[in-house]
Amino acid sequence: MGIKKFIESVVELLELDEFENSGKKKSLKRLLEKLKARKEILNKAVKKKITKKEKKELKEELAIVTVQIKKAEKILDELNNKKEAKVSKKIKDN
Amino acid sequence: MLRKIFLPSILLVLAYGFWISPNFKEISAGVAIFLFGMIALEEGFKAFSGGMLEKILKKSTDTLYKSIGFGFVATAMMQSSSLVSVLTISFIGAGLIGLAQGIGIIFGANIGTTTGAWLMAGFGLKIHIAQYAMPMLVFGVVLIFQKAKSLKGIGYILAGLGFLFLGIHYMKEGFEAFKDTIDLASFAVPGFKGMMIFIGIGILATVIMQSSHATIVLILAALAVNQITYENAIALVIGANIGTTITAIIGSLSSNIDGKRLAGAHLIFNLITAVIAVLIMDQMISAVAFISDHLGIASDNHTLRLAVFDSLFKIMGVVVFIPFVDTLVSFLQKSIKPGKKEVEEFEGVKYLNDSVLELPTTAMAAIIRETRHLYTNAFEIITHGLNLKRENIVSDMPLEDIVKDPYSNTAIDIDTFYNHRIKGIYGEIIDFSTKAQSQMSPANIEALYAIKLANRDIVEAIKDTKYLQKNLIKYDKNPNQYIKEQYDSIKIGLAELLRNIDLISKMTEEDEIILLLSKAKVHMQQYDILANGTLDKLIRHDLITNEMATSLMNDSAYAYNISKNFIAMAEVIFIDATGDIKNIGEDMLISDEDVDLILNAKET
């Protein structure tokens, strides 16, 4: 076994490649929580009696937050799918 | 001249020594192998000092006691206080830590260096240490040849320890054989005079070897075979502690002002500790005897007693100095001032110096901080170039009011500002980056490339401001209300951008950073006056002249470019390397399609 393959096997065995992804997932989940909380606040604020300019600004912020939430959820799904694909490949190999 | 003579003289003296005494050759080889071991150990730790370094430093040096602990652990692990001092100067140079924290690390390193004496006295002299060295060397060298950075690092550490042990073995063997031919102890000088002579020898030996550690190990080896007396050994230890400051002084020559101050602190601390130790020598020796008796160390076991003295002497120094750290910092700030070059009219770099090139991480941190320095200068130039006041931008003042409060009645000369406060720094950043990247991994080089682009973005933004400035002045007092409104709107837009970027530079909450960056990107679209129909409307209704239309079209493009460059720069230099956002920042930044989506959602 070459040294490269050996290192790859150790990395796989210790699931070290998952380490980076799990850090990313944690960060994304935390961000998602914050964004969702912000969206809720913005939704409430838009319904209040405010000036046209303020409403425009809030709507813009809401649109940005909505896009960001979608983006974060998509990345999170991709990371989860990656892990699932790996697990099913392992089961198949075994 | 002296330098040219020094090296050949040393080599000649050594060669003569080797010729007349094979034992001297063995001892010298031991010292050489020991020093080589330290170099290998240093390489090994450098391999592990990647991205985590800044995070660890931040957390472990935020109080004086933590800094001392960090210095102790780092020195105990690396077995070199000189290396820790040089790295600390490098951290200070890169702006990763402050002077007080650096002093704390130096204090800790001084205590940490005692572990070497314990290792040698308690372990190295009792066991056949070379037995452990051999397998370490073999495993170490095998791992050094591997491609993986971490394996290479482990290899260097193992080989380094192996060489340290082997060096100790040769020194011990050399002194044992030496004992039969020459008795160094017969040269021992009693009393105060003897102490001063041996302190001087200790200083000299450490300056030559650039390691107090190696000197102390050499002293212990000589003491173990009674080649020197216990009292002379104590004096040599004190001398070694003064001599070790030379490494930091040499390291600080290429550092910034705080690095020089730290080297000054190191010298003052070690000198005063030595003076105190000499003044209370009798009491110190009694205390060592008292502690040694309680630890069960035999009265004739001088090597372990010397290790006790070494620890007591260094801990005493730190305890005496702890209450005076703030005084020491203010004294150094007053006495070591920046040279003429650092306060001259043409602003220079703050963080880039050769000392931070020690580690890729410190080099990277210094480049990021210098880029932020460049940004701060650019922020001011752009703000004044737009004839706005910096303090208004960074306040809560409504944007519409900001444009009504001009910075000056005459236009500022952007070229002069650029030459004085941007050009030199920018040039040095690019030059330094080229030097730094030779030591960096491909991933670091990629990150460095992004930082270089961020620097270019800053410079481009200033240049675009210069082009924009001309018509801003021209149309500011123009009787045509429509063109004035358009230029005011450009100013308001850029003021908002500058405010948002300033907020981002101070923020830590990732959702807010991402939101502000997205907002800035969305607002950037307002400058596309062709697409949003503004220009069409103004021309169709004959509200502006053709010349005005051309100017407006060009200047909107400049404003768009300023925004684009500043946002791109912020995405690189304000995404905190230690925070959550670094993990996800790049993925969460919005694309042009996302901007369209947001603009459409806004309209509905």
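Residues numbered from 1 in each chain as written. Chains lettered and ligands numbered in written order. Predicted model: local features only at pLDDT ≥ 70, side-chain atom pairs only at ≥ 80, totals over all residues. Heavy atoms only, no water.

Caption draft 1: Here's a closer look at the overall build of chain B. Helix and strand counts for chain B come out as 30 helices and zero strands. In chain B, buried positions account for 50% of the 604 residues. For chain B, the computed accessible surface area is about 27700 Å², with 62% contributed by carbon and sulfur atoms. (Helix = DSSP H or I, 4+ residues; strand = E, 2+ residues; numbered from the N terminus. Buried < 20%, exposed > 50% of the residue type's maximum accessible area, 1.4 Å probe, protein only. Areas by Shrake-Rupley, 256 points an atom, 1.4 Å probe, with all protein chains shown as cover.)

Caption draft 2: Summary view of the overall build of chain A. In terms of helices and strands, chain A carries three helices and zero strands. Counted from the first residue to the last, chain A has its helices and strands arranged as α-α-α. Across the 94 residues that make up chain A, the buried fraction comes to 29%. Here the contacts in chain A between residues at least 6 apart in sequence split such that 67% fall between residues at least 24 apart. For chain A, the exposed surface amounts to about 7300 Å²; the carbon and sulfur share of it is 57%. (Contact = heavy atoms within 4.5 Å.)

Caption draft 3: Spotlight on unusual backbone geometry. All names here are of chain B. Of note, the phi angle at Asn-226 is positive, near 55°, even though the residue is not glycine. Looking at the element boundaries, Asn-226 is found in the loop between helix 11 (212-224) and helix 12 (230-243). Residue class for Asn-226 comes out exposed when judged on its relative accessible area of 51%.

Caption draft 4: Quick look at the interface of chain B and chain A. Each partner contributes residues to the interface: chain B has 28 residues there, and chain A has 23 residues. Both sides of the chain B and chain A interface together cover about 2300 Å² of buried area, and 62% of this is carbon and sulfur. Seen at the junction of chain B and chain A, the total is five salt bridges. The partner of Glu-512 of chain B in a salt bridge is Arg-38 of chain A, and the shortest N-O contact between them spans 3.6 Å. Linking chain B to chain A there are four residue pairs in polar contact (both at pLDDT 80 or more). Elements that contribute at least two residues to the side of chain B that touches chain A include exactly helix 26 (510-524), helix 29 (580-588) and helix 30 (592-603) of chain B. Counting residues per element, the side of chain B that touches chain A draws most heavily on helix 26 of chain B, which supplies nine residues. Considered class by class, the residues forming the side of chain B that touches chain A number 12 nonpolar, six polar and 10 charged. (Buried area = accessible area lost by both parts, 1.4 Å probe. Salt bridge = Lys/Arg side-chain N within 4 Å of Asp/Glu carboxyl O. Polar contact = N/O pair within 3.5 Å; in protein donor to acceptor, adjacent residues only side chain to side chain. Nonpolar A, V, L, I, M, F, W, Y, C, P; charged D, E, K, R; others polar.)

Caption draft 5: Expanded view of the packing of aromatic side chains. All names here are of chain B. All told, the structure shown has 12 aromatic pairs over all chains when counted by the stated rule. Pairing Phe-107 with Phe-269 gives two aromatic rings, centres 4.5 Å apart and planes at 45°, and the pair type is tilted. Note that Phe-107 is positioned in helix 6 (residues 99-112) and Phe-269 in helix 14 (residues 257-279), a separation of 162 residues in sequence. Accessibility classification places Phe-107 together with Phe-269 in one group, the buried group. Where Phe-269 meets Phe-321, the ring centres are 5.1 Å apart and the plane angle is 90°; that geometry is what we call edge-to-face. Residue Phe-269 is found in helix 14, and its partner Phe-321 is found in helix 16 (residues 302-321); the two are separated by 52 residues along the sequence. Given a relative accessible area of 0%, Phe-269 falls into the buried group. Owing to a relative accessible area of 7%, Phe-321 belongs among the buried residues under this scheme. Members of the aromatic cluster, each reached through a chain of ring pairs, are Tyr-375, Phe-379, Phe-566 and Phe-574. (Phe/Tyr/Trp six-rings, centres within 6.5 Å; stacked < 30°, edge-to-face > 60°.)

Caption draft 6: Quick peek at helix 5 (residues 81-93) of chain B. Residue and element names in this part refer to chain B. An ideal rise of 1.5 Å per residue puts 18 Å on 13 residues; helix 5 measures up with 18 Å between its terminal C-alpha atoms. In terms of burial, helix 5 is a largely internal element, 13 of the 13 residues being buried. Trailing helix 5 by a residue or two, Gly-95 shows a phi angle of about 75°, which is positive. (Expected span 1.5 Å × (residues − 1).)

Caption draft 7: Representation of the side chain of Thr-215 of chain B in the model. Residue and element names in this part refer to chain B. Examined against the element boundaries, Thr-215 turns out to sit in helix 11. By relative accessible area, Thr-215 is classed as buried at 2%. Within the local environment of Thr-215, its side chain forms a polar contact with the side chain of Thr-206, the two groups lying 3.0 Å apart. What Thr-215 contacts, discounting residues up to four positions off in sequence, is Gly-202, Ala-205, Thr-206, Met-209 and Ala-240.

Caption draft 8: Expanded view of helix 6 of chain B. Residue and element names in this part refer to chain B. Look at helix 6: 20 Å from first C-alpha to last across 14 residues, which is about the 20 Å you get at 1.5 Å a residue. Counting buried residues along helix 6, 12 of its 14 residues qualify, which places the element largely inside the surrounding structure. Buried residues of helix 6: Leu-99, Gly-102, Ile-103, Gly-104, Ile-105, Ile-106, Phe-107, Gly-108, Ala-109, Asn-110, Ile-111 and Gly-112, and no others.

Caption draft 9: Geometry of the nonpolar core. Of all hydrophobic cores here, the largest spans 161 residues; its most connected members are Ile-103, Ile-238 and Phe-566 of chain B. The element that contributes the greatest number of residues to this core is helix 19 (residues 360-385) of chain B, accounting for 11 residues. Counting contributing residues, this core receives three or more from each of domain 1 (2-335) and domain 2 (354-603) of chain B. With 25 residues, the next largest nonpolar core counts Ala-45, Leu-58 and Val-65 of chain A together with Met-588 of chain B among its residues. (Core = buried A, V, L, I, M, F, W, Y, C linked by side-chain atoms within 4.5 Å. Domains from an automatic or database assignment.)

Caption draft 10: Inspection of the pattern of salt bridges at higher detail. A complete count under the given rule lists 21 salt bridges over all chains for this structure. Across the pair Lys-53 of chain A and Glu-400 of chain B runs a salt bridge whose closest N-O atoms are separated by 3.8 Å. You can see Lys-53 of chain A sitting in helix 3 (residues 52-93) and its partner Glu-400 of chain B sitting in helix 21 (residues 399-402), one on each of two chains. Note that Lys-404 of chain B is salt-bridged to Asp-401 of chain B, the shortest N-O span being 3.9 Å.

Caption draft 11: Geometry of the packing of helix 5 of chain B against helix 6 of chain B. Residues and elements named next belong to chain B. Running from amino to carboxyl end, helix 5 crosses helix 6 at an angle of 170°, the nearest separation of the two axes being 10 Å. One finds that helix 5 runs roughly antiparallel with respect to helix 6. Taken together, the residues of helix 6 that come into contact with helix 5 (itself represented by Ser-81, Val-84, Ser-85, Thr-88 and Ile-92) are Leu-99, Gly-102, Ile-105, Ile-106 and Ala-109. The class makeup of the residues in the contact of helix 5 with helix 6 is six nonpolar, four polar and no charged. (Axes fitted to C-alpha atoms, helices over the stretch in contact; angles between N-to-C directions. Parallel < 35°, antiparallel > 145°, perpendicular 65-115°, else oblique.)

Caption draft 12: Broad picture of a nonpolar patch on the surface. All names here are of chain B. A contiguous nonpolar patch, built from Phe-6, Leu-204 and Ile-208 and spanning about 320 Å² of accessible area, is present on the exposed surface. For Ile-208, the position within the fold is in helix 10 (residues 191-209). The partly exposed category is assigned to Ile-208, whose relative accessible area is 45%. (Patch = residues over 30% accessible without salt bridge, like charges linked within 9 Å, V, L, I, M, F, W, Y side chains within 5 Å.)

Interpretation note: all reported values are geometric properties and have no functional meaning in isolation.
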